[in-house]
Amino acid sequence: MRVSFLAPVLRAAGLIKFLVGRLLSQLLAFFLGGTECLCCGRLSFLPLCPECVEKHLMGFAPPSASRCHVCGKPLLGEQGICMACRRDARLSFVDGVFSLYPYRLWRKNLLFAWKVKGERGLSPLFAAAVHKALGMLRPAAGNPVLVPVPPRPGKIRRTGWDQVDELCRLLSILYGYRVEKLLVRMSVSQQKKKSFRERRSVRGAYAASRRFTWMKRHDIIPRDVVLLDDLITSGATVAECADILKKGFVEKVNVLSLFIVD
Ligand SMILES: [Zn+2]
Ligand SMILES: [Zn+2]
């Protein structure tokens, strides 16, 4: 009872803290003269001007018959599943992939600005795009449980934040999604401690979190989750994460990523 009363209060406090932080950094950007829009070059307070946000960030194509059901890449004359996914069954634990933007041209700089240069003003915009995408993906099913692909150990301590973690936090604060951190990323030394057989049987960079183990023990595993990541390159990361989730009895794992290398 106490938890259900506290949740909205904590959510509101998180939102206020975030908005004040954003406002201060936007004011700073204003007094320092703003920056050029990565797409059209116009002066803007974010790396993307409002017109480009509307047109490019929010204007992605919905999941459709013209995209591969497994990896989400546009199909080139194939039916349902692309040639690469037919050849390689790596993504067989994944029920579907929806990527919003191709990782090309100025979009590469956009991800760099957010992830590496720490332009966190982009975070609420990406959160809005993900919220829209989740609505397209599952219009009738209500808000799914979100599972972030975890960062390297110590990343948040070192840099103060992680982009996927922040995205999940905002999706929870602004749109009420339930976020479950079911996975952890192993450190190099943790990976080395595994036996040769263990290292061979799993690819070894990720593992079930304590929370996931606890949920398994109490039989309260979410049946249906959306795995969230910022960039899919080879698909190996989401494949491994989906593999762990399915082995822990999650029935359905869809993947949503902002960018995909195609
Ligand atoms: Zn622009
Ligand atoms: Zn494919």
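It should be noted that the structure appears before, not after, this text.
Scope of this entry: the structure provided in the associated data block.

Basis of the calculations
Residues numbered from 1 in each chain as written. Chains lettered and ligands numbered in written order. Predicted model: local features only at pLDDT ≥ 70, side-chain atom pairs only at ≥ 80, totals over all residues. Heavy atoms only, no water. Helix = DSSP H or I, 4+ residues; strand = E, 2+ residues; numbered from the N terminus. Buried < 20%, exposed > 50% of the residue type's maximum accessible area, 1.4 Å probe, protein only. Contact = heavy atoms within 4.5 Å. Areas by Shrake-Rupley, 256 points an atom, 1.4 Å probe, with all protein chains shown as cover. Disulfide = S-S within 2.5 Å. Donors = N, O, S within 2.8 Å, 3.2 Å for Na, K, Ca; no water. Pairing = 2+ DSSP bridges. Axes fitted to C-alpha atoms, helices over the stretch in contact; angles between N-to-C directions. Core = buried A, V, L, I, M, F, W, Y, C linked by side-chain atoms within 4.5 Å.

1. Things to note about the overall build of the protein
And then number 1: Along its length, the protein carries 11 helices and 9 strands.
And then number 2: In the protein, which comprises 262 residues, the share counted as buried stands at 43%.
And then number 3: Expressed as a percentage of contacts within the protein between residues at least 6 apart in sequence, the contacts between residues at least 24 apart total 72%.
And then number 4: As presented, the protein carries roughly 14,700 Å² of accessible surface, and 59% of it is formed by carbon and sulfur atoms.

2. Focus on the state of the cysteines
And then number 1: For the coordinates displayed, the defined rule picks out 0 disulfides.
And then number 2: Take cysteine 241: it sits in no disulfide, and the sulfur closest to it among the cysteines is that of cysteine 168, at 12 Å.

3. Focus on the coordination of the zinc ion (ligand 1)
And then number 1: Donor atoms from the polypeptide that coordinate the zinc ion (ligand 1) comprise Cys37 (SG), Cys40 (SG), Cys49 (SG) and Cys52 (SG), at 2.3 Å from the metal.
And then number 2: Donor residues for the zinc ion (ligand 1) sit on one chain with the sequence pattern C-x2-C-x8-C-x2-C.

4. Comments concerning the sheet that holds strand E9 (residues 252–260)
And then number 1: With parallel pairing, the 5 strands of this open sheet are ordered in space as E3-E9-E8-E4-E5. Each edge of the sheet is formed by a strand with only one pairing partner; in this case those strands are strand E3 (96–102) and strand E5 (178–179).
And then number 2: Taken together, the 6 bridges between E3 and E9 define a ladder with parallel strand orientation. When the sheet's bridge partners are listed, serine 99 is paired in E9 with serine 257.
And then number 3: Each of strand E4 (145–148), E5, strand E8 (224–232) and E9 is contacted by helix H7 (residues 163–175), which is oriented at about 135 degrees to E8, the strand it contacts most.

5. Points about the nonpolar core
And then number 1: Leu100, Tyr101, Phe126, Leu167, Leu256 and Leu258 are the most contacted members of the largest nonpolar core, which totals 38 residues.
And then number 2: Of all elements in the fold, only helix H2 (50–57), E3, helix H4 (105–115), helix H5 (123–137), H7, E8 and E9 reach the threshold of two or more residues within this core.
And then number 3: Looking at which element gives the most residues to this core, the answer is H5, with 7 residues.
And then number 4: With residues up to four places along the chain from it excluded, the contact list for leucine 100 reads Phe60, Ala129, Val130, Ala133, Leu256, Ser257 and Leu258.
And then number 5: Ranked by size, the runner-up nonpolar core spans 32 residues in total, among them Leu91, Leu182, Ala242 and Val255.

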